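# Reading the structure
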Amino acid sequence: MYLELVAILLTTLFVWDYLRFRRHNKMYAAAGIRGPTCYPFVGNAPMMINESPKTVFDLQFRLIAQYGKNVKIQMMGERGFMTADPKMIEAIMSSQQTIQKNNLYGLLTNWLGDGLLVSKGQKWFRRRKIITPAFHFKILEDFVEVFDQQSAIMAQQLHAKADGKTVINMFPVACLCAMDIIAETAMGVKINAQLQPDFPYVQSVKNASATLAERFMNPLQRQDALMRLFYPKVLDKLNDSVSNMHSFTNSVITERRDLLQKSLAGNAPLLNDVGQKRRMALLDVLLQSTIDGAPLSNEDIREEVDTFMFEGHDTTTSSIAFTCYLLARNPEAQALAFQEIRDVLGDDKSAPVTMQQLGELKYLECVIKESLRLFPSVPLIGRHITQDTMLAGKLIPAHSDVVILIYHAQRDPEYFPEPEKFLPERFSMERKGEINPFAYTPFSAGARNCIGQKFAMLEMKSTISKMLRHFELLPLGEEVQPVLNLILRSSTGINVGIKPRVY
Ligand code: HEM
């Protein structure tokens, strides 16, 4: 009797699942998008059981080889497809109908609320409009000083290990520097992460970033309820970190709002500790913005500042670290980059670097772009399609989840000959126009592209040029093993050796 009941229940669920998704499956078949065998309810989840963050890229390469650049996929109840096809990527990134993020981004809302990265519809549109001026050329120009000062601290601290023998994992080093930079530019406060890594806010950002990376990859950590059951301590620690970060951000916002109001009332400019006119932080732009004539609340501002903190430190960290790694292993490119830096910035390492000088580091820019091709900090992104939509000649059914495989598209031999080779010349002015802009999208593209792209490029040029002015980078330590952990990391570290440059 018991077995019969189970059999009836399973058959009913099976038929319900089949009927519910019959239209979906038919439309994918008509669009010619195929994929591995799907099981009722769980979809392709069993295929993932043996995969780890280390092997998931290889699995995706195998699926592309077998089914083509668009692969139908289902994870539990979420159905859709993965794409590494530049024509499809172009259609998705260029359409206003496909700008909504998929459910996975919900994991970030504890920390980021409904900030720019996750928000949708009118809210996203209005926020994007008022946040865009915060990344204006004039504001970025002021940030160059911060990039320069914080990179100098990074270099200064590394001198103790510059013996040409010690293996240095660049990820944690660059991470503290990137945290200092984003805190000072987004909130206008120095958190001294490099000098005091134990500062509670720094610890909380590190812990929350690591836990979110873990949640992203582990289905048992996706829902708070499941996490409470299987990983209660990790959830408690995450909640503590989030509440610690929120109270820190709140206090900074309140303080800056008060100061701003006092300065407006007294019609006097805001001054810093040494009596100079104070640099605008991204937060100040938000404090002065209005939507329909109303200022943003502290809560509104907090979610955007937290989004900058999250989106603006791990991404640049990953890229700075991978670029140092690649330069260490490609001495010719390193020599060319160093020569250019010397020509543009001169030999006085203490002279402040300007935005114009950073703009002149053209070869270094090619190096960074090529590094972002091989090791994109954001290796994949997700979208949710809410209604039937024609994309690249294929009718995609409503309620599809799409995963854009940036990592794979950027290693496609059809678009990048000798894709595994580090060839910065691909991005040279002479070869302008050779690269398909939708095969190469480390900063995404279209309406939902990275708002911090120019900020990031300046920061990376500043930190990497500082490294090269002080040190010769050497190919020490294990090779990288790229892993998908929310952003791109390496399970073996991102290792280099360094020795002081004598010149
Ligand atoms: C190497 C560094 C960086 C890379 C590779 C990168 C990449 C990206 C990508 C691929 C997206 C699209 C995400 C998606 O569609 O889900 C994105 C969005 C975003 N990025 Fe960046 N990013 C970098 C640095 C930064 C920095 C420094 C900031 C802020 C200071 C920033 C702020 C944002 C924000 C707010 C969004 C959401 C934009 C929106 O949805 O309207 N990013 N970034």
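Residues numbered from 1 in each chain as written. Predicted model: local features only at pLDDT ≥ 70, side-chain atom pairs only at ≥ 80, totals over all residues. Heavy atoms only, no water.

Of all residues adjacent to the ligand, which total 28 residues, the nearest are Y105, W124, R128, R448 and C450. The separation between an oxygen atom of the ligand and a polar side-chain atom of W124 is 2.8 Å. Separating an oxygen atom of the ligand from a side-chain N or O atom of R383 is a distance of 3.2 Å. For the shell around the ligand, the secondary-structure elements that each account for two or more residues are α7 (121-131), α14 (298-311), α15 (314-329), β6 (380-385) and α20 (453-470). The leading source of residues in the shell around the ligand is α20, at three residues. For the shell around the ligand, the residue count by class is 15 nonpolar, eight polar and five charged. (Near = heavy atom within 4 Å. Polar contact = N/O pair within 3.5 Å; in protein donor to acceptor, adjacent residues only side chain to side chain. Helix = DSSP H or I, 4+ residues; strand = E, 2+ residues; numbered from the N terminus. Nonpolar A, V, L, I, M, F, W, Y, C, P; charged D, E, K, R; others polar.)

Let us now look at the environment of G113. Mapping G113 onto the fold places it in the loop between α6 (109-112) and α7. Residues within four places of G113 in sequence aside, it is in contact with L108, V118 and E303. (Contact = heavy atoms within 4.5 Å.)

Let's shift gears to the sheet that holds strand β10 (residues 471-474). Taking strand neighbours across the sheet as the criterion, the three strands line up as β3-β13-β10 in an open arrangement whose pairing is antiparallel. Bordering the open sheet on either side are β3 (168-169) and β10, each of which pairs with just one other strand. Running over the sheet, α15 touches β10 and β13 (495-500) and is turned about 70° from β13. (Pairing = 2+ DSSP bridges. Axes fitted to C-alpha atoms, helices over the stretch in contact; angles between N-to-C directions.)

Within the protein, just one atom coordinates the iron atom of the ligand: C450 (SG), at a distance of 2.3 Å. Here C450 lies in the loop between α19 (406-409) and α20. (Donors = N, O, S within 2.8 Å, 3.2 Å for Na, K, Ca; no water.)

Attention shifts here to the domain arrangement of the protein chain. Assigned domains of the protein chain: these are domain 1 (2-83) and domain 2 (121-500). Computed from C-alpha coordinates alone, the two centres of domain 1 and domain 2 are separated by 34 Å. The partner domain 2 presents 29 residues to the 21 residues of domain 1 that form the contact. Counting the surface lost from both domain 1 and domain 2, the interface buries some 2100 Å², and carbon and sulfur atoms represent 66% of this. Our count for the contact surface shared by domain 1 and domain 2 stands at three salt bridges. Between K69 and E414 there is a salt bridge, with its nearest N and O atoms 2.6 Å apart. Elements supplying a minimum of two residues to the side of domain 1 that touches domain 2: α2 (22-30), α4 (56-67) and β2 (78-83). Per-element accounting of the side of domain 1 that touches domain 2 gives the leading share, six residues, to β2. When grouped by side-chain class, the residues that make up the side of domain 1 that touches domain 2 number eleven nonpolar, five polar and five charged. (Domains from an automatic or database assignment. Buried area = accessible area lost by both parts, 1.4 Å probe. Salt bridge = Lys/Arg side-chain N within 4 Å of Asp/Glu carboxyl O.)

This next bit is on the pairing of strand β9 (residues 400-405). Most of β9 is tucked away, with five of its six residues classed as buried. Where β2 meets β9, four bridges bridge the pair, whose relative direction is parallel. Within the sheet, the bridge partner assigned to G80 lies in β9 and is D401. With six bridges joining them, β6 and β9 adopt antiparallel strand pairing. Looking across to β9, one finds that H384 is bridged to D401. (Buried < 20%, exposed > 50% of the residue type's maximum accessible area, 1.4 Å probe, protein only.)

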